[in-house]
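Residue-level structural notes
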Amino acid sequence: QAKVAGKNCYRFYSRAMDQAVERRVRMEQELRGAWERGELSVAYQPVYRLRDNRLVGAEALLRWHHPEQGMVSPAVFIDVAEQSGLIETIGPQVLRVACRDAMRWQNEFPTVEPLFVSVNVSPRQLRSGELPGLVEACLRETGLPASQLHVELTETAVIGDELHASTLLSRLRSIGVKVWLDDFGTGFSGLSHLRRVPVDGVKIDRSFIADVLRDPDDLALTTAIIAMAHSLGITVVAEGVEKEGQYAILRERGCDLAQGYWLGHPSSAQDFARLLI
Ligand code: C2E
Ligand code: MG
Ligand code: MG
Ligand code: MG
């Protein structure tokens, strides 16, 4: 009896797995050519400086408007793009569009301090070794000053081959592009990476910020990350600020920059530009 159940169970499980694989394969096929069909776009989320509450930049976030399913979460499709290698064609497009939009804002709405645009770069894009050349080409093509471009990498991008990663990142930094470590605090070895990989800033993962008002441990960790980063001379960005109280406490603790729904949701380039008027 148990054996039969086990067998059925196995069969059910295997079918569920087949379906998951099938879904991924279908998504990969649909993602191929999505850019050309105009289904992909870049949204921008404002980043504020806590010291003077000023808008200082934007994070570029890829959006996929699927013709039947509507908006697909980047958490799902970026992974498919990464696994399939499609990110190597999509990633450069995002970088190009982001540099172009940032240059456009500056031309149309000159601000005292020019805004930066921050672009997410996947592990595969870093590993390919083409990033510095690509960044240089995008800056040249669009005219955006290097100091106004930031790249965001997660720990997984630098894990394994720290030497290769730090060589590439040093090259980016030598031309003036800033490098930020994204989702900081979620990995086990964040601290040790800071010793070997040169970065200009860390973005505290939003899971720490979520409970910063209620959980003393999260507040202690956040405060410690800020102190540690500052002692290394690097900038701290808080992600996922959804409440005024979170903003206030981060400001009090000396955090440099923040983004989150309370400050502004990701929006189209045109909508973002309204913040500059
Ligand atoms: P991320 O780089 O950590 O981006 C921050 C994510 O948090 C974004 O999700 C943003 O919409 C969301 N977020 C911002 N403020 C809040 C808030 O107050 N509360 C909550 N709950 N969420 C907030 P999104 O756009 O869904 O992107 C998810 C992830 O997908 C990104 O995480 C990034 O790792 C990846 N991603 C997005 N665009 C790109 C891209 O162009 N290239 C690469 N390689 N990855 C990308
Ligand atoms: Mg990011
Ligand atoms: Mg993040
Ligand atoms: Mg994330």
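No experiment lies behind these values; they were computed from the predicted model shown.

The rules behind the values
- As a convention, each chain's residues are numbered from 1 in the sequence order in which they are written.
- Both sets of labels track the order of writing: A upward for chains, 1 upward for ligands.
- Residues qualify for local features only when their pLDDT is at least 70, as the model is predicted, and side-chain atom pairs are given and counted only at 80 or more; totals for whole chains, interfaces and linings, by contrast, use all residues.
- Side-chain measures here rest on the full set of heavy atoms in the structure, leaving out hydrogens and waters.
- Take the buried Ala, Val, Leu, Ile, Met, Phe, Trp, Tyr and Cys residues and link them wherever side-chain atoms come within 4.5 Å; each set so joined is a nonpolar core.
- Type-normalised accessible area, obtained with a 1.4 Å probe on protein chains alone, sets the label of each residue: buried when under 20%, exposed when over 50%, and partly exposed for intermediate values.
- A helix here means a DSSP run of H or I that spans at least four residues, while a strand means a run of E at least two residues long, and both kinds are numbered starting from the N terminus.
- Water is not part of the atom set, so a site may look incomplete; the donors themselves are N, O and S atoms within 2.8 Å of the metal, or 3.2 Å for Na, K and Ca.
- Only the contacting stretch of a helix is used when fitting its axis, a line to C-alpha atoms as for every element, and angles between N-to-C directions run 0 to 180 degrees.
- Roughly parallel here means an angle under 35 degrees, roughly antiparallel means over 145, roughly perpendicular means 65 to 115, and every remaining angle is called oblique.
- We call a crossing left-handed when the near helix sits turned anticlockwise from the far one by less than a right angle, and right-handed when that turn is clockwise.
- By definition, residues are in contact when any of their heavy atoms lie within 4.5 Å.
- For this purpose, a residue is taken to be near a molecule or strand whenever a single non-hydrogen atom of the residue falls within 4 Å of it.
- Accessible surface is estimated by sampling points in the Shrake-Rupley manner with a 1.4 Å probe; for residues, cover comes only from the protein chains shown.
- With a 1 Å grid spanning the protein atoms alone, the term cavity applies to any set of points in which a 1.4 Å probe fits but cannot get out, the term pocket to an open set with protein on both sides within 12 Å along at least five of seven lines, and the term lining residue to any residue with an atom within 4 Å of a point.
- Should more than half of a molecule's atoms lie within 2 Å of a pocket's or cavity's grid points, that molecule is taken to sit in it.
- Throughout, the ten residues Ala, Val, Leu, Ile, Met, Phe, Trp, Tyr, Cys and Pro are labelled nonpolar, Asp, Glu, Lys and Arg are labelled charged, and all others, Gly among them, are labelled polar.
- Here, strands pair whenever DSSP counts at least two bridges between them.
- pLDDT is a residue-level measure of predictor confidence that goes from 0 to 100.
- In this analysis, rings of Phe, Tyr and Trp, with Trp reduced to its six-membered ring, are considered paired at centre separations within 6.5 Å, and the interplanar angle assigns stacked below 30 degrees, edge-to-face beyond 60, and tilted for intermediate values.

Judged by nonpolar contacts, the single largest core of 76 residues is most densely connected at L31, Y44, W105, L126, L149 and V202. If one sorts the elements of this core by residue count, helix α3 (residues 87–108) sits on top with ten residues. Counting residues in hydrophobic clusters, the runner-up holds six residues, among them V47, F116, W180 and L257.

Bound to the magnesium ion (ligand 3) are the protein donor atoms D182 (OD), D183 (OD), E239 (OE) and E239 (OE), situated 2.1 to 2.6 Å from the metal. In terms of primary sequence, the donors binding the magnesium ion (ligand 3) are separated according to D-D-x55-E.

Two elements in contact, helix α5 (residues 131–142) and helix α7 (residues 162–174), have axes whose closest approach is 9 Å; the angle formed by their N-to-C orientations is 20 degrees. By the angle between their directions, the pair α5 and α7 is classed as roughly parallel. Of the two possible hands of crossing, α5 and α7 adopt the one that is right-handed. Taken together, the residues of α7 that come into contact with α5 (itself represented by L131, P132, G133, V135 and E136) are L168, R171 and L172.

Our next topic: the site of ligand 1. Neighbouring ligand 1 are 22 residues, the closest being R63, D182, R206, E242 and Y261. In the complex, 84% of the free accessible area of ligand 1, which totals 800 Å², lies under the protein chains. Under a 2 Å grid-point criterion requiring more than half of the atoms, the pocket assigned to ligand 1 is the largest pocket. Breaking the shell around ligand 1 down by element, the ones donating at least two residues are β2 (54–66), α2 (74–84) and β6 (178–184). If one sorts the elements of the shell around ligand 1 by residue count, β2 sits on top with four residues. When the residues that make up the shell around ligand 1 are grouped by side-chain class, the tally is nine nonpolar, five polar and eight charged.

This next bit is on the pairing of strand β8 (residues 235–238). Strand direction decides the pairing type here: strand β7 (residues 201–204) and β8, joined by four bridges, are parallel. Counted as the bridge partner of V202 is V236 from β8.

What follows concerns the confidence of the model for the protein chain. As a note on interpretation, predicted positions should not be read in detail where pLDDT is low. For the protein chain, the mean per-residue pLDDT works out to 92, and 94% of the residues sit at or above 70. Here the predicted complex carries an ipTM of 0.97, next to a pTM of 0.94.

Turning our attention to the packing of aromatic side chains. What the rule picks out here adds up to six aromatic pairs. Judged by centre distance (6.3 Å) and plane angle (50 degrees), the rings of Y44 and F272 are tilted. Here the residue Y44 occupies a position in strand β1 (residues 40–49), and F272 occupies one in helix α12 (residues 269–274), the gap between them amounting to 228 residues. Pair check on accessibility: Y44 and F272 agree, each one buried. Ring plane angle 80 degrees and centroid distance 5.6 Å describe the contact between W64 and F77, whose orientation is recorded as edge-to-face.

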